[in-house]
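Residue-level structure breakdown
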Amino acid sequence: MQALAYFEQLKISQDAWQVCAEALAQSIYSDDHIKFFCFQVLEHQIKFKYSELTEVQQQLIRETLITWLQAQMLNPQPEKTFIRNKAAQVFALLFVTEYLTKWPKFFFDILSVVDLNPRGVDMYLRILMAVDAELVDRDVVHTSEASYYVALTFALNFQKEARRNTLLKDTMREQCIPSLVESWYQILQNYQYNNSELTCQCLEVVGAYVSWIDLSLIANERFINMLLGHMSVEVLREEACDCLFEIVNKGMDPIDKTKLVESLCQVLQSAGLFSIDQEDDVDFLARFSKLVNGMGQALIASWTKLIKNGDMKSAQDTLQAIEAKVALMLQLLIHEDDDISSNIIGFCYDYLHILKQLSALSDQQKANVEAIMLAVMKKLTYDEEYNFENEGEDEAMFVEYRKQLKLLLDRLAQVSPELLLASVRRVFNTTLQNWQTTRFMEVEVAIRLLYMLAEALPVSHGAHFSGDVTKATALQDMMRTLVTSGVSAYQHTSVTLEFFETVVRYEKFFAVEPQHIPTVLMAFLDHRGLRHTSPKVRSRTAYLFSRFVKSLNKQMNPFIEDVLNRIQDLLELSPPENGYQALLSSDDQLFIYETAGVLIVNSEYSAERKQVLMRNLLTPLMEKFKVLLEKLMMAQDEDRQMALADCLNHAVGFASRTSKAFSNKQTVKQCGCSEVYLDCLQTFLPALSCPLQKEVLRSGVRTFLHRMIICLEEEVLPFIPSASEHMLKDCEAKDLQEFIPLINQITAKFKTQVSPFLQQMFMPLLHAIFEVLLLPAEENDQSAALEKQMLRRSYFAFLQTVTGSGMSEVIANQGAENVERVLFTVIQGAVDYPDPIAQKTCFIILSKLVELWGGKDGPVGFADFVYKHIVPACFLAPLKQTFDLADAQTVLALSECAVTLKTIHLKRGPECIQYLQQEYLPSLQVAPEIIQEFCQALQQPDAKVFKNYLKVKIFFL
């Protein structure tokens, strides 16, 4: 660390660069890290302090680099790669700094030094790549955090750099590019047979530069012939492929592009490269596939332009050229290596897009569509090596590849939906007839194709079994086959999961043929689904079962009690003490509890029967909860405490989840279940007074209370005061922050009904909040600062809820001193904290209070408060340096600030205008004409006028 600090210090010292330049020129040091550091110092000097150097000093840097380059040819050993790369970067930096002014012969000087010496050529090529990176590879980093002015500065610098780079490239094109291209040709010719590394480097340079130099310099007979020759040399062909790809990718006239691609294809074909059956080198084929993809997409882009230009003859010629590549495209698409296949998908997708635009398809085009379809179906298939139980990087790549194939399938459906449906039906029926003797991957893909048809042939609201009779019949037949074939018993997780995913996706099928519901329910409930040997299958099935039951709704009536009995063991709360491994995780059990709730609530049973069933569902949870809470109170070991607290939390969570079954049409009261949930409340609330594992327990009970406030009516209110009292004891910022939304929810729902409770707990809650906010924190503790910011926002949100729910009397009745304190915290929030979300809320509160109290009959002294504090806040907040109008939240805060001023004017009338004109604005030294203009805008009836005025003029006040 000390050495690093020393080097950093040295880097910025006045004459360190001279020491380093001398060290490099005279090869003083043999240590690689010191050499690297010397280049870093020169880089720093050129980048940040070059203009400070004299002409002589700048000349010294140029000479140093040339001397170092000369030495490379004589050294017994070449420098390490990382040093050569750093040296190339320094050369490139000096190039962009000096080429236009002091060093126009930059490349000629380098070429005269290196000649054809292999070490020199290596450095020359690295320098060329570094120059290209400086001129072309400019990744713009956008950041939402940047303020408007930082972003503006960045944009201006970027534009300046872009103009400089354009000028550099233009000058290079005029002065040296032909010579550079000639040097590349000489290097390729000299080294193609005896130095593959330099040849590949040179091909990389050609590929990089071809995007911005005159293409005719490269796309000519001698260069192309050489590149095509490299396509037959094993060590060169991958780089040659990439180089040809860049040439093909170059923007040019569509007719010329078609000619170029066609001439390339003819030579490649005559060299035997289009026949790839015997080709074993997958690395090369992946590059070749990318090249073919580039050529195909280039031809398609040309066709599109020609059609747009109305040149139908040339467009037809180009289309024929495209069609001629389809056979090769299909060979690559169907290749067993997924990288090779993936690289050609772009061409395939765009080709289908052309076919979609044609009024009619030829027989050959139809055959092509079918061939692509069969290829996609084959390539969707898993291979033997896929690890389903422990999916790693290879598996993730196949999943991504499958997504690409899905896009192709969707595009195929747009070109020929009938053909797709017929093909899938054929594959599906053939496979499922003999599923017992068919390999798992073929069965899985057959069901997967049926699943994918739902998105490939979209309909509104999943109505696949109505409308188009042909389609509906085909899908209905396949679904019938799926659920009656017995394939759900196939002994492979991928097939099992695909079966369940598909029956849930086509849930509307069971409205048409409800006789199959029992068959599918049994599959969900037995060893094929929720009791499968694989945890992965059990987990996914729990979620899918929940969706299936919800979607069937009333059709589940005949099976409700049977299903509830069969899932009984899956509802058990797993005790933490005996290491018993439950079939489902607690997260999975949430879905089962929700499903049980849905079955009960949506049933056609009487309210009395629903209550009995709901009590049967929740009573075991309540009983277990009481026992576990007692055990927690006595537990000494912290790990055991945590395990017990988690288990208690799960019990509360499960009860919460059952309540999601209720709706406006089926309320808790209508279902006769209020009493059951009140019993749950009675059971769970004592956990709030448990001194152990408070955070976990409070979180669970708080969530349950949120649900009960939504589901129950006034019956929940008696439980709120004691619950609040417990939750306010020994609480931290996070506890308060999570507690306040609960109070907001109660206030917003019950309004004046909870007024007495709010009045009673208002100041205790505020005291708890202020106490936490005033706690000292470490200066750099960002986590604590964020927690306080979030708590402050929650506090203001609470005040907003109280004032917005028509209960300002809750604040007014707290005594003059407390009211004043609250009001000042709101003023402080509006002005002093650079948090636009809180500022917006504060202005909403102030606006509401002015609306309620700002009239002639408002509380004594409030009018004074408006003029002394609220009006100034409306000006001081926007004038703060931290008030950044490039931020969307700040714009909203300013909008609410404008509303506050409008509300003051509305309530106080001419008196407000008089105060602004004669007292307040003159005190800010605002010019009289601006004051006049401001007051006129404020008096406009349309609030938008004043809001827009404030946005534009606030900084001129």
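Residues numbered from 1 in each chain as written. Predicted model: local features only at pLDDT ≥ 70, side-chain atom pairs only at ≥ 80, totals over all residues. Heavy atoms only, no water.

Topic: the overall build of the protein chain
Counting secondary structure elements, the protein chain contains 44 helices and zero strands. What you see for the protein chain is a C-alpha radius of gyration of 38 Å, clearly larger than the 30 Å of a compact globule of 957 residues, by over 25%. Viewed in the frame of its principal axes, the protein chain has a C-alpha envelope of about 95 × 85 × 65 Å. Across the 957 residues in the protein chain, those meeting the buried criterion constitute 50%. Of all intrachain contacts in the protein chain linking residues separated by at least 6 positions in sequence, the fraction that spans at least 24 positions is 73%. Carbon and sulfur atoms make up 52% of the accessible area of the protein chain, which amounts to about 44800 Å² in all. (Helix = DSSP H or I, 4+ residues; strand = E, 2+ residues; numbered from the N terminus. Rg over C-alpha atoms; globule rule 2.2 N^0.38 Å. Buried < 20%, exposed > 50% of the residue type's maximum accessible area, 1.4 Å probe, protein only. Contact = heavy atoms within 4.5 Å. Areas by Shrake-Rupley, 256 points an atom, 1.4 Å probe, with all protein chains shown as cover.)

Re unusual backbone geometry
The residue Ser27 is not glycine, and still its phi comes out positive at about 50°. In this structure, Ser27 sits in the loop between helix H2 (16-25) and helix H3 (32-48). Residue class for Ser27 comes out partly exposed when judged on its relative accessible area of 46%. Positive phi, normally seen in glycine, also occurs at Gln925, with a value near 60°.

What to know about a negative patch on the surface
On the surface, Glu732, Glu778, Asp781 and Glu787 cluster together into a patch of negative charge. Tracing the backbone shows Glu778 in the loop between helix H35 (755-773) and helix H36 (782-804). (Patch = residues over 30% accessible without salt bridge, like charges linked within 9 Å, V, L, I, M, F, W, Y side chains within 5 Å. Salt bridge = Lys/Arg side-chain N within 4 Å of Asp/Glu carboxyl O. Lys, Arg positive; Asp, Glu negative; His and termini not counted. Charge placed at Lys NZ, Arg CZ, Asp CG, Glu CD.)

Digging into the packing of aromatic side chains
If you walk through the whole model with that rule in mind, you get 48 aromatic pairs. For the ring pair Trp103 and Phe106, a centre distance of 4.9 Å and an interplane angle of 75° mean the geometry is edge-to-face. Take Trp103: its relative accessible area is 6%, and that puts it in the buried class. Here a set of aromatic residues connected by ring pairs shows up, and it is made of Phe465, Phe499, Phe500, Tyr506, Phe509, Phe510, Phe524, Phe545 and Phe548. One Lys or Arg, Arg222, reaches over the ring of Tyr185 and ends 4.0 Å from the middle of that ring. Sitting over the ring of Phe245, Lys290 keeps its end group 4.7 Å from the ring centre. (Phe/Tyr/Trp six-rings, centres within 6.5 Å; stacked < 30°, edge-to-face > 60°. Lys NZ or Arg CZ within 6 Å of the ring centre and 35° of its normal.)

Points about empty space enclosed by the protein
One pass over the full model with this rule turns up one cavity of 30 Å³ or more. Approximately 50 Å³ is the volume found for the largest cavity. Taken together, the residues of the lining of the largest cavity sort by class into five nonpolar, four polar and one charged. (1 Å grid on protein atoms, 1.4 Å probe; cavity = no way out; pocket = protein on both sides within 12 Å on 5 of 7 lines; lining within 4 Å. Points joined across faces, edges and corners; volume = space filled by probe spheres on them. Nonpolar A, V, L, I, M, F, W, Y, C, P; charged D, E, K, R; others polar.)

What to know about helix H26 (residues 535-552)
Here H26 spans 26 Å end to end across 18 residues, near enough to the 26 Å set by a 1.5 Å rise per residue. Listed in full, the buried residues belonging to H26 are Val537, Arg538, Thr541, Ala542, Leu544, Phe545, Ser546, Phe548, Val549 and Leu552. Check the buried side of H26 and you find it contacts helix H23 (493-505), helix H24 (509-512), helix H25 (517-525), helix H27 (560-566) and helix H28 (586-601). Looking one or two residues past H26, Asn553 carries a phi angle of roughly 50°, positive in sign. (Expected span 1.5 Å × (residues − 1).)

Side note on the state of the cysteines
If you walk through the whole model with that rule in mind, you get zero disulfides. Not part of a disulfide, Cys38 finds its nearest cysteine sulfur in Cys20, a span of 3.8 Å. Considering cysteine sulfurs only, Cys912 is the nearest to Cys935, which forms no disulfide, with 7.6 Å between them. (Disulfide = S-S within 2.5 Å.)

A look at the side chain of Lys902
Structurally, Lys902 is set in helix H41 (residues 888-908). Although Lys902 lies buried, it forms no salt bridge, and the closest oppositely charged side chain, Asp942, sits 7.6 Å away as judged by the N-O distance. At 3.0 Å, the side chain of Lys902 and the backbone oxygen of Leu938 are in polar contact. (Polar contact = N/O pair within 3.5 Å; in protein donor to acceptor, adjacent residues only side chain to side chain.)

Quick look at helix H7 (residues 118-135)
With 18 residues, H7 should reach 26 Å at 1.5 Å per residue; the first-to-last C-alpha distance of 26 Å fits that figure. Judged by how many residues are buried, H7 sits mostly within the fold: 14 of 18 residues are covered.

Thoughts on the pattern of salt bridges
It is possible for side chains bearing opposite charge to pair when their charged atoms get close. Applying the stated criterion to the full structure yields 46 salt bridges. Of the charged contacts in the structure, one is a salt bridge between Asp562 and Arg566, with a shortest N-O distance of 3.1 Å. Residue Asp562 and its partner Arg566 are both found in helix H27; the two are separated by four residues, about one turn of the helix. Of the residues examined, Asp562 reaches a relative accessible area of 38% and is grouped as partly exposed. Overall, the relative accessible area of 36% leaves Arg566 in the partly exposed class. When the shortest N-O distance is used, the salt bridge between Arg908 and Glu911 registers 2.9 Å.

Topic: the packing of H28 against helix H29 (residues 607-634)
Packing of H28 against H29 leaves a shortest axis separation of 9 Å and a crossing angle of 160°. The angle between H28 and H29 falls in the class roughly antiparallel. Seen along the crossing, H28 lies across H29 with a hand that is left-handed. Residues Tyr593, Ala596, Gly597, Ile600 and Val601 of H28 lie in contact with H29, whose contacting residues are Lys610, Leu613, Met614, Leu617 and Leu621. Classifying every residue of the contact of H28 with H29 gives eight nonpolar, one polar and one charged. (Axes fitted to C-alpha atoms, helices over the stretch in contact; angles between N-to-C directions. Parallel < 35°, antiparallel > 145°, perpendicular 65-115°, else oblique. Left-handed = near helix turned anticlockwise from the far one by under 90°.)

Examining the side chain of Ser755
With respect to the element layout, Ser755 can be found in helix H35. Ser755 sits in the buried class, given a relative accessible area of 8%. Discounting residues that sit within four places of it in the chain, Ser755 has contacts with Met807, Glu809 and Val810.

Section: the nonpolar core
Within the largest apolar cluster, 335 residues are counted, with the highest numbers of intra-cluster contacts made by Met172, Trp184, Tyr209, Phe288 and Phe934. A total of 13 residues in this core trace back to one element, the largest contributor, which is helix H21 (residues 440-456). (Core = buried A, V, L, I, M, F, W, Y, C linked by side-chain atoms within 4.5 Å.)

Examining the environment of Phe798
Tracing the sequence through the fold places Phe798 in helix H36. Of the residues examined, Phe798 reaches a relative accessible area of 0% and is grouped as buried. Excluding residues that lie within four positions of it along the chain, Phe798 makes contacts with Ile740, Ile743, Asn744, Leu758, Phe762, Leu765 and Leu766.

Looking at the packing of helix H5 (residues 81-98) against H7
Two elements in contact, H5 and H7, have axes whose closest approach is 8 Å; the angle formed by their N-to-C orientations is 55°. For the element pair H5 / H7, the angle class is oblique. Viewed along their axes, H5 and H7 form a crossing whose handedness is right-handed. The residues of H7 that touch H5, namely those facing Thr81, Arg84, Asn85, Ala87, Ala88, Gln89, Phe91, Ala92, Leu93, Phe95 and Val96, are Asp122, Met123, Arg126, Ile127, Ala130, Val131, Glu134 and Leu135. Across the contact of H5 with H7, the residue classes tally to 12 nonpolar, three polar and four charged.

Notes on the confidence of the model for the protein chain
With 95% of its residues at a pLDDT of 70 or more, the protein chain shows a mean pLDDT of 90. Of the regions scoring below 50 in pLDDT, residues 138-152 engages in 11 contacts with residues more than four places distant in sequence or in other chains. (pLDDT = per-residue confidence, 0-100.)

Regarding the environment of Asn664
When you line up the elements, Asn664 lands in the loop between helix H30 (638-658) and helix H31 (674-684). When the C-alpha atoms of Asn664 and Ala271 are compared, they prove to be 73 Å apart, with 393 residues separating the residues in sequence.

Describing the environment of Met295
Residue placement: Met295 occurs in helix H14 (residues 282-309). Note on Met295: relative accessible area 2%, which makes it buried. Along the backbone, Met295 and Leu688 are 393 residues apart, and their C-alpha atoms lie at a distance of 69 Å. In contact with Met295, not counting residues within four places along its chain, are Val248, Val261, Leu264, Cys265 and Leu268.

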